[in-house]
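Given next are the chains, with one letter for each unit.
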Amino acid sequence: MKIIFLTLFLIYSNIAIAENYKLTTKEGKTFPITVSVDENRSLPTVVYVTGLGGKSNSLAKFSKEFLEKGLNLITFDRNEPDCKGFKCFGTVGSRSKSNQLIYAEDNQETAIENIVENEVKSVLEYIKSSSWYESNNGIYIIGGSFGAWITLSLLSDEEIKNDIKGVVFLSPSTAPHKSSGKYANEIITYNSLIKNIVEIKGLAIGSPNDELFPGATTKDAVDFLAETIPQMKIKKIITNSKLHAKELLKKDSEIKNDILNWIV
């Protein structure tokens, strides 16, 4: 792993700093990461894994609130072209040779697998090799939208899952039971990912007013996660907001505090 660029700037008082780095993926691509830690205390570390669009470093502005609660915060932008809306299906899918986000035939690599093997594992390796990290405190993952699929992949990965103490599914897009047509086989990937998940702390937040696609909302996804992964004993929070994933975390202080208090 190569650290190409480093900038230090003060977050608050003289206790904690946020460090901007660039890490290098398995494929040799660089991406920015912001590390907000208190090196004077042994704290759990929260990693935000974003959905389609691949950008979450803007959430680093909340690092002071995380640190005040006793949580380190790691955010990063994936190495992907900018995209919005449904265009992101193709943009993110093109990361893999299959051009598929979630399910591909003949065991071809999907975008989920490519993201985990590159940016996400690079971030987790960086954390675990840092002097401030203690495995007893572990790592908490917040998976926003499509990031919930990535989070499920992490929980099924033998190399990773033992380091993860808990996960938050924020506006999850995991509603394969509602998918049809060319997306119907997503349920195959879902069932494969959840079969090896062990008992772990889980929180899922969704809304009946946050539509994923016609006929499915993030509340549907939350209910499906809780029903199909009983070993996680997922706590559900149902909001009526139309805000999705990062925007919900940015603009709804009650939801943000619910997440912080649940992790702590």
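The structure under discussion appears in the preceding block.
Residues numbered from 1 in each chain as written. Predicted model: local features only at pLDDT ≥ 70, side-chain atom pairs only at ≥ 80, totals over all residues. Heavy atoms only, no water.

## Some details on the state of the cysteines
Here, disulfide denotes a covalent bond that connects the sulfur atoms of two cysteines.
Part 1 of the argument: Summed over all chains, the structure comprises 1 disulfide.
Part 2 of the argument: Covalently, Cys83 is tied to Cys88 through a disulfide, its sulfur atoms 2.2 Å apart. Taking the sign of the S-S torsion, about 110 degrees here, the bridge from Cys83 to Cys88 comes out right-handed.
Part 3 of the argument: You can call Cys83 buried: its relative accessible area is 14%.
Part 4 of the argument: Judged by relative accessible area, Cys88 falls into the buried class, the value being 3%. (Disulfide = S-S within 2.5 Å. Buried < 20%, exposed > 50% of the residue type's maximum accessible area, 1.4 Å probe, protein only.)

## A closer look at the nonpolar core
Part 1 of the argument: By size, the foremost hydrophobic cluster in this structure holds 49 residues, and its most contacted members are Val47 and Ile127.
Part 2 of the argument: Looking at this core, the element that brings in the most residues is helix α3 (residues 111-128), giving 9 residues.
Part 3 of the argument: Apart from residues lying up to four places away in sequence, Ile127 is in contact with Thr45, Val47, Ile74, Trp132, Tyr133 and Ile139. (Core = buried A, V, L, I, M, F, W, Y, C linked by side-chain atoms within 4.5 Å. Helix = DSSP H or I, 4+ residues; strand = E, 2+ residues; numbered from the N terminus. Contact = heavy atoms within 4.5 Å.)

## A look at the pairing of strand β4 (residues 45-49)
Part 1 of the argument: Among the 5 residues of β4, 5 are classified as buried, and the element is accordingly described as predominantly covered.
Part 2 of the argument: Relative to strand β5 (residues 72-76), β4 runs parallel, the two being bridged by 3 bridges. Bridging from a neighbouring strand, Thr45 pairs with Asn72 of β5.
Part 3 of the argument: Pairing of β4 with strand β6 (residues 139-144), which is carried by 5 bridges, proceeds in the parallel orientation. Bridge pairing links Val46 to Tyr140 in β6. (Pairing = 2+ DSSP bridges.)

## Considering unusual backbone geometry
The bulk of non-glycine residues show a negative phi, and the bulk of peptide bonds are trans.
Part 1 of the argument: The phi dihedral of Asp106 is positive, around 60 degrees, even though this residue is not glycine.
Part 2 of the argument: With respect to the helices and strands, the residue Asp106 is situated in the loop between α2 (87-93) and α3.

## Looking at the pairing of β6
Part 1 of the argument: Of all the 6 residues making up β6, 6 are buried; the element is thus mostly covered by neighbouring parts of the structure.
Part 2 of the argument: Neither face of β6 is exposed, since Ile139, Ile141 and Gly143 on one face and Tyr140, Ile142 and Gly144 on the opposite face are all buried.
Part 3 of the argument: One crossover worth recording links β6 to the parallel strand β7 (residues 164-170) by way of helix α4 (residues 147-155), and it is right-handed. (Right-handed = clockwise from strand over helix to strand, strands pointing away.)

## Describing helix α8 (residues 253-263)
Part 1 of the argument: Taken as a whole, α8 has its buried residues at Ile255, Lys256, Ile259, Leu260, Trp262 and Ile263. When α8 is viewed along its axis, its buried side chains cluster within an angular range of 165 degrees and face the same direction.
Part 2 of the argument: Capping the start of α8 is the job of one residue whose side-chain oxygen sits 3.1 Å from the backbone nitrogen of Glu254: Asp252. (Arc of directions from axis to C-beta. Polar contact = N/O pair within 3.5 Å; in protein donor to acceptor, adjacent residues only side chain to side chain.)

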